[in-house]
Amino acid sequence: EILENNLPRKDFAFTMEEYVREYVSSTFGKRKYQMLKLYASGTSTDDIAASFTISKKTLYTHNKDILAKANKIFHRNFSTVKEAAHSLQENGYLE
């Protein structure tokens, strides 16, 4: 059975918001989800790369993947990862 936004049914005591947050978290994976949270909080690209001990080039590769997934999941056309992160946070999809 399919619920709102084509999410598979879960028979747990979750609210829809909690379920969507879990879906978003699992879709992006722990590392990329943490990156989204940092972008949403206003952390700079340099600081995010430093906090994960990765190069800016590697971070940009992660950003491309994050952006592609965000656009696909939410049927949007986000221009930047920061824009996607802020939208996810505003809608309650980031903890």
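Cut-off values and rules
Residues numbered from 1 in each chain as written. Predicted model: local features only at pLDDT ≥ 70, side-chain atom pairs only at ≥ 80, totals over all residues. Heavy atoms only, no water. Helix = DSSP H or I, 4+ residues; strand = E, 2+ residues; numbered from the N terminus. Buried < 20%, exposed > 50% of the residue type's maximum accessible area, 1.4 Å probe, protein only. Contact = heavy atoms within 4.5 Å. Areas by Shrake-Rupley, 256 points an atom, 1.4 Å probe, with all protein chains shown as cover. Phe/Tyr/Trp six-rings, centres within 6.5 Å; stacked < 30°, edge-to-face > 60°. Core = buried A, V, L, I, M, F, W, Y, C linked by side-chain atoms within 4.5 Å.

**Observations regarding the overall build of the protein**
Here's step 1: If you tally the helices and strands in the protein, you get 4 helices and 0 strands.
Here's step 2: Sequence-ordered secondary structure for the protein, helices as α and strands as β, is α-α-α-α.
Here's step 3: Across the 95 residues in the protein, those meeting the buried criterion constitute 33%.
Here's step 4: Put simply, 44% of the contacts in the protein that link residues at least 6 apart link residues at least 24 apart.
Here's step 5: As displayed, the protein has an accessible area near 6200 Å², and 48% of this comes from carbon and sulfur atoms.

**Focus: the packing of aromatic side chains**
Here's step 1: This structure, assessed with the given rule, holds 1 aromatic pair.
Here's step 2: For the ring pair Phe74 and Tyr93, a centre distance of 5.3 Å and an interplane angle of 20° mean the geometry is stacked. Separated by 19 residues along the polypeptide, Phe74 in helix 3 (residues 56-74) and Tyr93 in the segment after helix 4 (81-90) bring together distant segments of the chain.

**Some thoughts on unusual backbone geometry**
Leave glycine aside and you will find that most residues have negative phi; peptide bonds, for their part, are mostly trans.
Here's step 1: Phi is positive for Thr53, close to 55°, though the residue is something other than glycine.
Here's step 2: In this fold, Thr53 is placed in the loop between helix 2 (45-51) and helix 3.
Here's step 3: Positive phi, normally seen in glycine, also occurs at His75, with a value near 50°.
Here's step 4: Checked against the element boundaries, His75 lands in the loop between helix 3 and helix 4.

**Some details on the nonpolar core**
Here's step 1: Core analysis: the largest hydrophobic core is formed by 23 residues, its most contacted members being Phe28, Met35, Leu36 and Leu59.
Here's step 2: Residue contributions to this core peak at 8 residues, all from helix 1 (residues 16-40).

**Some points on the environment of Lys37**
Here's step 1: Its place among the elements puts Lys37 in helix 1.
Here's step 2: Residues within four places of Lys37 in sequence aside, it is in contact with Leu94 and Glu95.

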